[in-house]
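Spelled out from the first residue to the last, the chains are:
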Amino acid sequence: MVVTRGFQGRRGGRPGRLPPGQYDIGDDWPVLSAEVTPNVRLDRWSLGVDGLVARPQSWTWDQLQALPRSEYRGDIHCVTTWSKFDTRFGGVSLDVLLDAVEPAPEAAFVVARSVTGYTTNIPLGDLVDGQAWVVWLYDGLPLTGHHGGPVRLLVPHLYFWKSAKWLERLTFLAEDAPGFWEVNGYHDRGDPWLEQRYQGD
Amino acid sequence: MTELSSLRTVDAPHGGWQRVVVREVSRATPGTVVLRVEVEHRVAHMPGQRVVVRLTAADGYQASRSYSIASAPGDDLIELCVERVDDGEVSTHLVDVVQPGDEVELRGPVGGWFVWDGRTPALAIGGGTGVVPLVSMLRHARALGIEDRICLVGAGRTLETLPYAGEIAQGCSVLALSQQVSPTGRPAARLGRDDLLPHLVGREVFFVCGSARFAEAASQLLVDLGVAPARIRIERFGTT
């Protein structure tokens, strides 16, 4: 262990809620996207779900609004080491969309794609059984553009780059297909509790 | 819409943590420190990349944050420029406490997106400490004698508060100061389209770095001037 001369550290207050190497950022919510924030026009936007599924389907904004609502209350964790406690997102559980398209037995991975072309890959097992959402509300208000609005993916038990902003498509695959950050050195799964930040972690 | 995936990216080299020695400590501005670090087992970085710095307390508690590299790949040392954030667990230590000879741990370089290949004609726009990864690009170009390939626009309040202002002011790069007349006679004003317009022709890739607010404003300026979003690579600084 290399002890840093004179370093005390802050030590966050909530044991058990902070994954290794993370700190509590409080009320702040940094914006770290790598591209120009797009201006998504909802009248032209839809969410497509395709690939290895029995019934590929797309949902317009209005169709999405008509689905049963679901809420996530809890923490989010960014790979840059901040965590944000007690967030509240509103939208629809991904289970609802999966029930509609019916993934094929061989489907094992999903690539989420943004309108900007940003992609991220996620094991299918991390998206089912109440672990993932498609969201458009934060604290009851419309999700702002720099936080991924109008509609983003939410997979809060993985590092937050997996929760693709400006979501437009989910594609089911048999083999893993590394996305934007994953090609650039970040981990294919990204579990904060296992500190899977970079490829090889 | 834009196609991020169609842009060329590179694999980010990475590795485990290694112990490194801080060799030189100096002030860049009243609120920032320049640390020059000796890295024994060095993986060459590309201009624009960053490293992760980890500090360890006597009881084993650790904290880590990412910092952009300011030095050119050819520099014998890795140079970081760290802004002191009030309440910043790591930055307050790096700015207030670290002395030459101190050891910290370092990992990287990381990031394969916000990198300049040293060839493609580039316009790089940085706000405040957002100039740091762009200074690495500028130094690399100067070391290779290809400074015409990159133009750096550094935005800040004054010469005294913008890191590397003196270095940026040389050559074809531009200082956009909001509270001071620049050395070239530019009146005090926030970064605007007139600062960028003369430098767009022939540029194929655009780098924007700074706070989320600055990055949003600067990238929208570029889009408004007709730059395709797919050519714009952004590094937004979080609060740390």
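Please refer to the structure placed before this passage.
Along every chain, residues carry numbers that run from 1 in the direction the sequence is written. A letter from A marks each chain and a number from 1 marks each ligand, given out in the order of writing. Residue-level local features of this predicted model are given only where pLDDT is at least 70; pairs of side-chain atoms are given and counted only at 80 or more, and the full residue set underlies all totals for whole chains, interfaces and linings.

Peer 1: Describe the overall build of chain A, with residues and values.
Peer 2: Secondary structure is summarised from DSSP: a helix means a run of H or I of at least four residues, a strand means a run of E of at least two, and numbering begins at the N terminus for each. Each helix and strand in chain A was counted, giving 3 helices and 11 strands. In chain A, the order of α-helices and β-strands from amino to carboxyl end is β-β-β-α-β-β-α-β-β-β-β-β-β-α. Relative to the 2.2 N^0.38 estimate, which gives 17 Å for 201 residues, the radius of gyration of chain A is 17 Å and therefore close to what a compact globule would have. Overall, the C-alpha framework of chain A stretches about 60 × 35 × 30 Å when taken along its three principal axes. Residue burial is a threshold on neighbouring C-beta atoms within 10 Å of the residue's own C-beta, all placed from the backbone, with 20 or more meaning buried, 12 or fewer meaning exposed, and counts in between meaning partly exposed. Taking all 201 residues of chain A together, 45% fall into the buried category. Of all intrachain contacts in chain A linking residues separated by at least 6 positions in sequence, the fraction that spans at least 24 positions is 65%. In this setup the radius of gyration rests on C-alpha atoms only. A globule is expected at 2.2 Å times the number of residues raised to 0.38. By the criterion used throughout, residues are in contact when their C-beta atoms, derived from the backbone, lie within 7 Å.

Peer 1: Before we move on, can you summarise the overall build of chain B with the specific residues and values?
Peer 2: The secondary structure content of chain B amounts to 5 helices and 11 strands. Its C-alpha atoms give chain B a radius of gyration of 17 Å, near enough to 18 Å, the size a compact globule of 240 residues would have. Seen through its principal axes, chain B has C-alpha atoms that stretch 55 × 40 × 35 Å. Restricting the contact set of chain B to residue pairs at least 6 apart, pairs at least 24 apart contribute 66%.

Peer 1: Tell me what's going on with the environment of Asp 191 of chain A, and back it up with residues and numbers.
Peer 2: Residue and element names in this part refer to chain A. Inspection of the secondary structure assignment puts Asp 191 in the segment after helix H3 (180-183). Here Asp 191 falls in the partly exposed class, since 17 other C-beta atoms lie within 10 Å of it. On a C-alpha basis, the gap between Asp 191 and Trp 61 in space is 30 Å, while along the polypeptide they are 130 residues apart. If sequence neighbours within four positions are ignored, Asp 191 has contacts with Leu 158 and Gln 196.

Peer 1: Lay out helix H2 (residues 94-101) of chain A in plain terms, naming residues and giving numbers.
Peer 2: All names here are of chain A. By the burial criterion, the buried members of H2 are Leu 94, Leu 97, Leu 98 and Val 101. Buried positions in H2, seen along its axis, are confined to an arc of 100 degrees and lie on one side of it. Where H2 is buried, its residues contact strand S2 (46-51), strand S3 (57-60), strand S5 (82-93) and strand S8 (133-138). At the exit of H2 stands Glu 102, carrying a positive phi of roughly 55 degrees. As used here, the arc is the angular range of directions from the helix axis to the C-beta atoms.

Peer 1: An account of the interface of chain A and chain B is needed here, citing residue identities and associated values.
Peer 2: Contact with chain A, which involves 40 residues of that partner, is made by 44 residues of chain B. Its residues placed into classes, the side of chain A that touches chain B shows 18 nonpolar, 17 polar and 5 charged. In this classification, the charged set is Asp, Glu, Lys and Arg, the nonpolar set is Ala, Val, Leu, Ile, Met, Phe, Trp, Tyr, Cys and Pro, and all remaining amino acids, among them Gly, are polar.

Peer 1: With reference to specific residues and values, describe the nonpolar core.
Peer 2: We define the nonpolar core as any set of buried residues of the types Ala, Val, Leu, Ile, Met, Phe, Trp, Tyr and Cys, connected via C-beta atoms lying within 7 Å of each other. Counting residues in each nonpolar core, the largest one holds 113 residues, and the members touching the most others are Trp 133 and Val 134 of chain A together with Leu 80, Ala 124, Leu 134, Phe 207 and Val 208 of chain B. With 6 residues, the top contributor of residues to this core is helix H2 (residues 132-144) of chain B. If we ignore the near neighbours within four places in the chain, the residues touching Ala 124 of chain B are Leu 134, Met 137, Ile 150, Leu 152 and Phe 207 of chain B.

Peer 1: Outline the pairing of strand S2 (residues 32-38) of chain B, listing residues and values.
Peer 2: Moving residue by residue along a regular strand, the side chains alternate between the two faces of the sheet. All names here are of chain B. Bridge count between strand S1 (residues 18-29) and S2: 7 bridges; the pairing is antiparallel. Across the sheet, Arg 27 pairs through a bridge with Val 33, a residue of S2. In this analysis, strands are considered paired if DSSP registers two or more bridges between them. The hairpin formed by S1 and S2 contains 2 residues between the paired strands. Note: S2 against strand S5 (residues 78-83), 6 bridges, orientation antiparallel. When the sheet's bridge partners are listed, Val 33 is paired in S5 with Val 82.

Peer 1: Account for the environment of Gly 156 of chain B, naming residues and giving values.
Peer 2: Relative to the elements of secondary structure, Gly 156 of chain B occurs in strand S8 (residues 150-156). Taking the C-alpha atoms as reference points, Gly 156 of chain B and Cys 81 of chain B, separated by 75 residues in sequence, lie 15 Å from one another.

Peer 1: Hey, could you go over the sheet that holds S5 of chain B for me, with residue numbers and the actual values?
Peer 2: All names here are of chain B. Spatially, 6 strands are ordered S4-S3-S6-S1-S2-S5 in an open sheet, and the strand pairing comes out antiparallel. The two strands at the open ends of the sheet, each matched to only one other strand, are strand S4 (62-68) and S5. Averaged over all pairs of adjacent strands, the angle between strand axes in this sheet comes to 40 degrees, irrespective of strand direction. Note: strand S3 (residues 50-56) against S4, 7 bridges, orientation antiparallel. Counted as the bridge partner of Val 53 is Arg 65 from S4. Under this scheme, a helix contributes an axis fitted over its contacting stretch, all axes are lines through C-alpha atoms, and angles between N-to-C directions fall in the 0 to 180 degree range.

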